[in-house]
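# Report on the structure
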Amino acid sequence: MGKQEFTISIFSENHIGLLNQVTIILTRRQINIESITASESAVKGVHLLTMVVKTTPDMIRKVAKQFEKLVDVLKVFAHTSDEIIYQEIALYKVTTKGLLSGNVIDNIVRTFNARIIEVSPEYMVIEKTGHKAEIADLLAHLEPYGVLQFVRSGRVAITKQVRELSSFLKEMDEANRYKQEEVETLNRN
Amino acid sequence: MKKEKASEEIDRNHLNGYEITGAEALLRCLIAEGVDTIFGYPGGAIMPVYDKLLDYEDKLRHILTRHEQGAAHAAQAYSMVTGKPGVCFATSGPGATNLITGIANAYLDSVPVVFITAQVVSALIGTDAFQETDILGVSMPVTKWNCQVKKSEDIPEMVAKAFYLATTGRPGPVLIDITKDAQQEKISFKYKKCDYLRSYNPHIPLHTRAVESAAIMINHAQKPLILAGHGVLISGAVNELREFAEKTGIPVAATLLGLSSFPSGHRLFAGFLGMHGNYGPNLLTNEADLIIAIGMRFDDRVTGNLKKYAKNARIIHIEIDEAEINKNVLVDLEINNDAKEVLQALIPLVEEKSYQSWIREFRICDKTEYDRVIKSETRPEEGSIRMGEVVRIVSDLTKGDAIIVTDVGQNQMSAARYYKFSEPGSLVTSGGMGTMGFGLPASIGAKIGKPGKQVIAFIGDGGFQMTIQELGTILHYKIPVKIIILNNGFLGMVRQWQDMFFKKRYASTELVNPDFVKVAEGFRIAAKKVIKRADLKSSLERMLAAEGPYLLDIHVEKEGNVLPMIEPGASVSEVTLNYKR
């Protein structure tokens, strides 16, 4: 089985050390993190860690189960790139002088669907959201004009499936209630 | 008498709303969780807790081992024989790091132990203070869960969480690191047991369709084989396993930690699985058309070469830990649940059957193994004493009614192979980790957990010297364990591998040993050396009859090999019965 790109979404409690627990598992399995972002998710109090890794489908299945086994992890999803909609954001700091000659800047920004977010006499900052390849492509186009700084975020992703985390959370709560009731019945008997 | 009064007073004070320190809160939490025994070792950072222990001596018995590793192993063994979580204390820094081998051992063998380590005062954390260690970071890969408590008010909640996590689902060790200031600050104490965590759900609803499918597969099988693991013992499914096997007539083979989950003398017992297991269950794994794996994880020592493992069989895997399913072996049907619950649902659905010709294949293998290995190992007529012979005599003398503790290596494999287990949970051994030095401290924990049982430890001369200091604990508390050193003057299992796979080049495996009898006598433990076969049985009888602790230094065959063996990289069906140099 060949390696392919997977986006792993880990929904968890926001507890200290969780990232460490996640990376321990990846290290033991010799998997490199291509990109990583961490933030609060749409559900209040639930943290979301999104990672891009390259590995085999068999390995991602095993690793996802190991993540889910972590006590503070609520739910793990592993998706191939065609199962999700994803974006990255990049910022480019370019010399103003280099870009002002002619209408180069206008063309580049327009063709790449980027935007200028800051202009000063020395530099301007261009922002671009898109996939890794597009971001790299824009970088290649800007390079002749003097790129002073370039940063790129990790991936953010949304699944194409309709079922949301909140429904999983509800299920977990229900399973627990079922358990509670059972315990109570046992105690009564 | 005076002490009882002290704790009564504390009870009254508590009811009147008096505040107590974090250290005292910790002890009250433990009492609320039903703890009565703690293994540990004091030090600077944990002194507030130990100071309070004096006031609770009537409720909490503390066993001072001679090294933190010993405390960790003893707490694990205590848990294995009682079914209750073990509790272990250590101080910060080296106290905490000395626990790591014991924690990792409990982790790999799924044993619930609550480790409490102390930490330097919270203001000093991160400054490389004296005896400061990042024990959370160090223990993270080998605990089911860990946390640090910096405020005394958090102690009850974290202790409750620790016990809940250690004992539910697939059990395992947990660690709470408590700063010294959190032990000293006062709080008004309230304790509520934990029974729910949003992100952790150990209760999985039973997948009835999967159970029905399993029943169909079982009812149609021609050569089915049950593999029983530690999960059978942990979930308390011993009776269910027996009922299931007897109804279906399916033979039961056991992993190392699954031994004693099914009586060794039962007509359906197929034997011990794995590298040094029995001939039949290994060989016939590749003949079986259905494997029902219950509470086990297809460890490499059980499966041998995965590419040639159970190729003729469909596999049903009953396992509580989802991450273990399809990890090493791809299975045809998974039932991700507690062994006991699954077996209870399965028993009414399976047909009464018997597999006479299939069972006969096992008996033929047993006969072959007996003639070629077991007879000369357990009933030799000449030459040096054999390890198997010692275990066989102990098994006969105790009629299987003892708790057997082992160290790791040849002594362990001989004990596992030749002791006839009849009581569930009567084997305490280090499985996944293979921790030398486990045996002696584990025997202490086992005896304290089950004082009414004869506890017999089989230990090699190498492993014995790894935790030999625990003889001090045996002396201190007069713990009547029976220690058998199977002394061959070698690190026997490593020597066996050097013999078989390294052209007999004995690199650093021959030992120059002290006089173990004199060592024992120094600790005021009765001891005797046995060299001649003629003295063996009577010496063992005398040891078993002794009231107090007793050590036998039995000199066995120097270069004996444990057979059969599945060589590394070989298939289970390539199990070899004899090895010629």
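Coordinates for the structure precede this section.
Residues numbered from 1 in each chain as written. Chains lettered and ligands numbered in written order. Predicted model: local features only at pLDDT ≥ 70, side-chain atom pairs only at ≥ 80, totals over all residues.

Right, let's talk about the interface of chain A and chain B for a bit. Every contact between the two is made by 18 residues of chain A and, on the other side, 18 residues of chain B. If you list the elements that add at least two residues to the side of chain A that touches chain B, you get β1 (4–13), α1 (18–28), α2 (57–69), β4 (73–80) and α6 (165–188) of chain A. (Contact = placed C-beta atoms within 7 Å. Helix = DSSP H or I, 4+ residues; strand = E, 2+ residues; numbered from the N terminus.)

This part covers the nonpolar core. Ranked by internal contacts, the top residues of the largest apolar core, which has 202 residues, are Leu26, Cys88, Ile294 and Ile484 of chain B. Ignoring anything within four residues of it in the chain, the contact list for Ile484 of chain B reads Val390, Ile456, Ala457, Phe458, Ile459, Leu552 and Ile554 of chain B. In terms of nonpolar packing, the next biggest core, distinct from the first, is built from eleven residues, Met124, Ile135, Leu138 and Leu142 of chain A among them. (Core = buried A, V, L, I, M, F, W, Y, C linked by C-beta atoms within 7 Å. Buried ≥ 20, exposed ≤ 12 C-beta atoms within 10 Å, placed from the backbone.)

Moving on: unusual backbone geometry. Cis geometry marks the peptide bond from Leu563 of chain B to Pro564 of chain B; its omega dihedral reads 0°. On the secondary structure map, Pro564 of chain B appears in the segment after β20 (550–555). Backbone geometry places Asn113 of chain A, a non-glycine residue, at a positive phi of 55°. Within the element layout of this structure, Asn113 of chain A appears in the loop between α4 (104–111) and β6 (115–119). Despite not being glycine, Ser260 of chain B has its phi angle at roughly 85°, a positive value. Within the secondary structure, Ser260 of chain B is located in the loop between β10 (252–254) and β11 (269–272). Residue Ser260 of chain B is classed as buried on the basis of its C-beta count, with 25 C-beta atoms lying within 10 Å.

Time to look at the sheet that holds strand β6 (residues 145–149) of chain B. All names here are of chain B. Judged by pairing direction, the sheet is parallel, and its six strands sit side by side in the order β3-β2-β4-β5-β7-β6 without closing on themselves. Pairing within the sheet leaves two strands with one partner each, and these edge strands are β3 (61–64) and β6. Across the sheet, the mean angle from the axis of one strand to that of its neighbour is 20°, orientation sign disregarded. Looking at chain direction, strand β2 (residues 37–40) and strand β4 (residues 86–90) are connected through two bridges and run parallel. In the strand pairing of β4, Phe39 is matched with Cys88. Helix-sheet contacts for helix α8 (residues 155–167) involve β5 (113–119), β6 and β7 (174–179), and the interaxial angle to β7 is about 165°. (Pairing = 2+ DSSP bridges. Axes fitted to C-alpha atoms, helices over the stretch in contact; angles between N-to-C directions.)

Residue and element names in this part refer to chain B. Across the sheet, six strands lie side by side as β11-β10-β9-β12-β13-β14; this open sheet has parallel pairing. Strand pairing shows two members of the sheet lacking a second neighbour, β11 and β14 (333–335), which therefore form its edges. Between one strand axis and the next, the sheet turns by 20° as a mean value, whatever way the strands run. Of the pairings in the sheet, the one linking strand β12 (residues 290–294) to strand β13 (residues 314–318) comprises five bridges and is parallel in character. When the sheet's bridge partners are listed, Leu290 is paired in β13 with Arg314.

For the rest of this paragraph, the subject is the pairing of strand β3 (residues 46–55) of chain A. Residues and elements named next belong to chain A. The buried count for β3 comes to eight of ten residues, which makes it a mostly enclosed element. Examined bridge by bridge, β1 and β3 share ten bridges and lie antiparallel to one another. Within β3, the residue paired with Glu5 across the bridge is Lys54. Summarising the sheet, strand β2 (residues 33–40) and β3 pair through seven bridges and their orientation is antiparallel. Along β3, the bridge assignment pairs Ala38 with Leu49.

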